[in-house]
Amino acid sequence: MRYKLIALDLDGTLLDNKHNITDFTGEVLKQLDDKGIKVVIATGRSYTSLQPKIKEYGLEHPVICYNGAMIRDGKTHEIIFHKTLPADITKGLIEISRKYNIHFHGFYKGDFLHERVSEHSKFYENLSGLNGQIVDFDLLKDLDFTKGMFIAPHSALKDIEREVLSKYSERVYSAFSKKNFFEDFKNLSFFNLLYDVTYSVKWFFFFKFDVHVSLIRFTYSPNNNNFIIFINRGFNY
């Protein structure tokens, strides 16, 4: 079977501990491209923060970002797919962050918005390479955020998780992307998103799915058209 597509997460998978793609990995990506195998990035990052990597390594195929809330063409930057949090849920997340006095930021039309400067906002700016905009969420007319994120010590985030899930579990997908990052976005099927960017019925996927899973191998052969999914070790918090 000739593989047609590889989907890769960035942090903890494609990138090393210094958040770089090693020379060896870069060469492998080039060889895959030369063989006509499409490399699709599937990540929780915003599209803006991906730009340096996309340009550096010529990753011009569709990009799944914001944990699946958006798909964009890596070459033209066209938005192929976009689902936002309903405004009432975004408002509820903001209220929860204020209740617990915990940092919360949201992504709106590519911008990283938060209400005040803190050690957590500075940490995220340094990590993502993005410059946040300070706003009063109460004054925003549109709260249809692409994704929301809480940053705090893990013990505090567990309280946030319980409250978010008790109120919105059927409408929101929530995940610990890191021990001190708790993210919320529109409830989506990640596998359907991969289907949306696939060009053939014969696929190879390798990506990291960050929520409560250990190493999983899954093989399926519908009508003898094979696809194989490898999900590498996620975070079990």
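Every chain is numbered on its own, with residues counted from 1 as its sequence reads. Whole-chain, interface and lining totals are the exception, using all residues; otherwise, since this is a predicted model, local features are given only for residues with pLDDT of at least 70 and side-chain atom pairs are given and counted only at 80 or more. Neither water nor hydrogens contribute to the side-chain values; these are computed over all heavy atoms in the structure.

## Points about the packing of helix α4 (residues 87–100) against helix α6 (residues 154–168)
Moving on, step 1. Helix axes are fitted only over the stretch in contact, all axes being lines through C-alpha atoms; the angle between N-to-C directions runs from 0 to 180 degrees. What counts as a helix is a DSSP run of H or I of at least four residues, what counts as a strand is a run of E of at least two, and both are numbered from the N terminus. The geometry of α4 relative to α6 is characterised by a closest axis approach of 11 Å and an angle of 150° between their N-to-C directions. Taken together, the axis directions place α4 and α6 in an arrangement best described as roughly antiparallel. The chirality of how α4 crosses α6 is right-handed. Taking contact as the criterion, the partners of Asp88, Ile89, Gly92, Leu93, Ile96, Lys99 and Tyr100 in α4 are, on α6, Asp159, Ile160, Glu163, Val164, Lys167 and Tyr168.
Moving on, step 2. Polar here means any residue other than Ala, Val, Leu, Ile, Met, Phe, Trp, Tyr, Cys and Pro, which are nonpolar, and Asp, Glu, Lys and Arg, which are charged; Gly is therefore polar. Grouping the constituent residues of the contact of α4 with α6 by class yields 7 nonpolar, 1 polar and 5 charged. An angle below 35 degrees is read as roughly parallel, one above 145 as roughly antiparallel, one from 65 to 115 as roughly perpendicular, and any other as oblique. Here a crossing is called left-handed whenever its near helix is offset anticlockwise from the far helix by less than a right angle, and right-handed whenever the offset is clockwise. Should any heavy atoms of two residues lie within 4.5 Å, those residues are considered in contact.

## Re the sheet that holds strand β11 (residues 181–186)
Moving on, step 1. Across the sheet, 6 strands lie side by side as β8-β7-β6-β9-β11-β10; this open sheet has mixed pairing. At either end of the open sheet lies a strand with only one pairing partner, and these are β8 (133–134) and β10 (172–178).
Moving on, step 2. Strand pairing follows a simple DSSP-based rule, namely that at least 2 bridges must link the two strands. Relative to strand β9 (residues 147–151), strand β6 (residues 103–108) runs antiparallel, the two sharing 5 bridges. Note that in β9 the partner of glycine 106 across the bridge is glycine 148.
Moving on, step 3. Against the sheet, α6 contacts β9, β10 and β11, and its axis sits at roughly 165° relative to β10.

## What about the pattern of salt bridges?
Moving on, step 1. When a carboxyl oxygen of Asp or Glu lies within 4 Å of a side-chain nitrogen of Lys or Arg, that pair is called a salt bridge. Summed over the entire model, instances satisfying the criterion amount to 9 salt bridges.
Moving on, step 2. Glutamate 115 is paired through a salt bridge with arginine 98; the nearest N and O atoms lie 2.7 Å apart. In this pair, glutamate 115 sits in the loop between β7 (111–114) and α5 (119–128) while arginine 98 sits in helix α4, placing the two residues 17 residues apart along the sequence.
Moving on, step 3. Here the salt bridges share partners, and the residues they tie into one network are Arg98, Glu115 and Asp138.

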